[in-house]
Amino acid sequence: MDATTGTVRLGLRENLAQFSLLVLINAFVGGMVGLERTVVPLIGTEEFGIGSEVVVFSFIITFGLIKACVNLVSGLLADRYTRKTVLVAGWVVGLPVPFMLAYGPSWAWISATRLAH
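These numbers were taken from a predicted model, which means no experiment stands behind them.

J.: Please explain the overall build of the chain as it appears in this structure.
T.: On a plain count of helices and strands, the chain comes out with five helices and zero strands. Counting only C-alpha atoms, the chain reaches 65 × 30 × 20 Å along its principal axes. Burial status across the chain gives 18% buried among its 117 residues. Sequence separation of at least 24 residues holds for 58% of the intrachain contacts in the chain that already meet a minimum separation of 6. Here the chain displays about 8600 Å² of accessible surface, and carbon together with sulfur accounts for 70% of that area. Computed over 8 positive and 7 negative side-chain charges, the separation of the two mean positions in the chain equals 11 Å.

Right under this line is the structure:
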């Protein structure tokens, strides 16, 4: 929106900063989901010796369940506060996830990353 005239300006060039932020956020989210789907099962089997594929892949399955619940709650919170406030709070809560995945001393730490999404 143009602050001087109060009109909405359409187009990528006019909204390059917002579009670039959107691309960056999607790259981070896509990278994180890709990391979790490929690396976490390997961590479970090779680092922590979990032999059951069901247990290892339950990590991936819980992603969908928790994502659905968090989406419901975040929608309600966005109505009460602002969408931006909820989005920023979500990113702050999610910041430790890569470090928990990389340095978690037990499978419980790895599983706890589900709660931060």
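J.: Could you clarify how one ought to interpret helix α1 (residues 16–47) in this entry?
T.: Note on helix geometry: an α-helix contains 3.6 residues per turn, so any two residues three or four positions apart are oriented the same way. Over its 32 residues, α1 extends 43 Å from the first C-alpha to the last, a length consistent with the 46 Å expected when each residue adds 1.5 Å. At Val39, α1 shows its largest bend, some 35°, and a proline, Pro41, comes one to four positions later. Residues Met32, Glu36, Val40, Pro41, Ile43 and Gly44 constitute the buried set of α1. Once α1 finishes, Gly49 follows within two positions and takes phi at roughly 65°, a positive value.

J.: Looking at this structure, how should I read the environment of Gly44?
T.: Residue placement: Gly44 occurs in helix α1. Taking the C-alpha atoms as reference points, Gly44 and Ser106, separated by 62 residues in sequence, lie 9.3 Å from one another.

J.: I tried to follow the layout of surface pockets on my own but got confused; where do I start?
T.: One number sums up the size of the second largest pocket: a volume of about 180 Å³. Together, Gln18, Phe19, Leu21, Leu22, Ile25, Arg83, Lys84, Leu87, Val88 and Trp91 line the second largest pocket. Of all elements in the fold, only α1 and α3 (83–94) reach the threshold of two or more residues within the lining of the second largest pocket. Residues belonging to the lining of the second largest pocket are distributed by class as follows: seven nonpolar, one polar and two charged.

J.: Got a minute to help me understand empty space enclosed by the protein in this structure?
T.: Where empty space is left becomes clear once a probe the size of a water molecule has been rolled over the atoms. One pass over the full model with this rule turns up one cavity of 30 Å³ or more. Val33, Glu36, Arg37, Phe59, Ile60, Phe63 and Arg114 are the residues that line the largest cavity. At the level of elements, α1 and α2 (53–80) are the ones that each hand at least two residues to the lining of the largest cavity. Residue composition of the lining of the largest cavity, grouped by class: four nonpolar, no polar and three charged.

J.: Explain the nonpolar core here, please?
T.: In summary, soluble globular proteins display a tendency toward joint burial of nonpolar side chains. Core analysis: the largest hydrophobic core is formed by eight residues, namely Met32, Val40, Ile50, Phe59, Val97, Leu101, Trp107 and Ile110. Secondary-structure elements contributing two or more residues to this core are α1, α4 (97–103) and α5 (107–112). When neighbours within four sequence positions are excluded, Ile110 is seen to be in contact with Val40, Phe48, Phe59, Met100 and Leu101.

J.: Hey, could you run me through a nonpolar patch on the surface in this one?
T.: A cluster of nonpolar side chains, contributed by Leu21, Leu24, Phe28, Val29, Leu87 and Trp91, occupies part of the molecular surface with about 560 Å² of accessible area. Considering every element that reaches the nonpolar patch, the biggest residue donor is α1, with four residues. Mapped onto the elements of the fold, Leu21 is located in helix α1.

Reading the values: the criteria
Each chain carries its own residue numbering, running from 1 in the direction its sequence is written. The model is predicted, so local features are restricted to residues of pLDDT at least 70 and side-chain atom pairs to those at 80 or more, both for listing and for counting; the totals for chains, interfaces and linings are taken over all residues. Only hydrogens and water are set aside; all other atoms, that is, all heavy atoms of the structure, feed into the side-chain values. In DSSP terms, a helix is any run of H or I states spanning at least four residues, a strand is any run of E spanning at least two, and both are numbered starting from the N terminus. Note on classification: 1.4 Å probe, protein chains only; a residue is buried when its accessible area is under 20% of the maximum for its type, exposed when over 50%, partly exposed between these limits. Contacts are assigned to residue pairs with any non-hydrogen atoms lying within 4.5 Å of each other. Each accessible area value is a Shrake-Rupley result obtained with a 1.4 Å probe; residue values ignore everything except the protein chains displayed when judging cover. When charges are counted, Lys and Arg contribute as positive and Asp and Glu as negative, whereas His and the chain ends are disregarded. Note on charges: their place is set at NZ of Lys, CZ of Arg, CG of Asp or CD of Glu. Helices are assigned an expected span. That span is 1.5 Å times one less than the residue count. In this scheme, the bend at a residue equals the angle between the axes fitted to the seven residues that finish there and the seven that begin there. Grid points spaced at 1 Å over the protein atoms alone were grouped into cavities, where a 1.4 Å probe fits but cannot get out, and pockets, open sets with protein on both sides within 12 Å along at least five of seven lines, with lining residues defined by an atom within 4 Å of a point. Grid points are joined across faces, edges and corners, and a volume is the space filled by probe spheres set on the points. Ten residues, namely Ala, Val, Leu, Ile, Met, Phe, Trp, Tyr, Cys and Pro, are considered nonpolar, four, namely Asp, Glu, Lys and Arg, are considered charged, and the remaining ones, Gly among them, are considered polar. Nonpolar cores are built from buried Ala, Val, Leu, Ile, Met, Phe, Trp, Tyr and Cys residues. Side-chain atoms within 4.5 Å join them into one set. Patch members must show over 30% relative accessible area and no salt bridge, and they are joined within 9 Å when carrying like charges or within 5 Å when they are nonpolar side chains of Val, Leu, Ile, Met, Phe, Trp or Tyr. A side-chain nitrogen of Lys or Arg and a carboxyl oxygen of Asp or Glu constitute a salt bridge if their distance falls within 4 Å.

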